[in-house]
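Here is how the chains run, residue by residue.
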Amino acid sequence: GKFPKNRQEIQDLPMMGQYLTNAYELFVLKRTAPLLDVNMARVLERYFGKRELSDIRYDPSLQKLAYKYVDHPKAKELNWAILDFASIICKSKPKCNICQYAMSCRYNRVYSIEK
């Protein structure tokens, strides 16, 4: 058979949630889509501010922000860069002291004040 190319048809397949649908669009269909998981959400939230809903899959502001920041001809590489950044610098215990974005990061400004 043929795999569908319409996002809704892909997402309606068993086991195809938002993350897998985005990954399929990004890697197979070569469309821009964010690999929005808890790690990417953490980076976006810390830098830009808190999300509105607890579930990242349904938070419209976080979804919009994620799509905005990977809307690039090299979306695949940009997704990987954000995920790598989350695993190396912007961890659950962040390394703000070595982060090149610390001066403009909302989380760092609050975190630095609370120290």
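Look up a bit, the structure's there.
Notes on the structure follow. (Residues numbered from 1 in each chain as written. Predicted model: local features only at pLDDT ≥ 70, side-chain atom pairs only at ≥ 80, totals over all residues. Heavy atoms only, no water.)

Moving on to the side chain of Thr-21. With respect to the helices and strands, Thr-21 occurs in helix H2 (residues 18–27). Ignoring any residue separated from it by four or fewer positions in sequence, one finds Thr-21 in contact with Arg-7, Ile-10, Gln-11 and Met-16. (Helix = DSSP H or I, 4+ residues; strand = E, 2+ residues; numbered from the N terminus. Contact = heavy atoms within 4.5 Å.)

Below, the discussion takes up helix H5 (residues 75–88). With 14 residues, H5 ought to run about 20 Å at 1.5 Å a step, and its terminal C-alpha atoms sit 20 Å apart, in line with that. For H5, every residue scored as buried is listed here: Ala-75, Asn-79, Ile-82, Leu-83 and Ala-86. End-on view of H5: buried residues confined to an arc of 95 degrees, all on one side of the axis. Looking at the packing, one finds that the buried side of H5 touches H2, helix H3 (38–48) and helix H4 (60–70). (Expected span 1.5 Å × (residues − 1). Buried < 20%, exposed > 50% of the residue type's maximum accessible area, 1.4 Å probe, protein only. Arc of directions from axis to C-beta.)

Take the side chain of Asn-22 next. Along the polypeptide, Asn-22 turns up in helix H2. The exposure class assigned to Asn-22 is buried, which follows from its relative accessible area of 0%. In terms of polar contacts, Asn-22 uses its side chain to reach the side chain of Arg-7, at 2.7 Å. Ignoring any residue separated from it by four or fewer positions in sequence, one finds Asn-22 in contact with Arg-7, Ala-33, Pro-34 and Tyr-67. (Polar contact = N/O pair within 3.5 Å; in protein donor to acceptor, adjacent residues only side chain to side chain.)

Moving on, we get to H2. Across the 10 residues that make up H2, a large majority, 7, are buried. Structurally, H2 contributes buried residues whose contacts are with helix H1 (7–11), H4 and H5.

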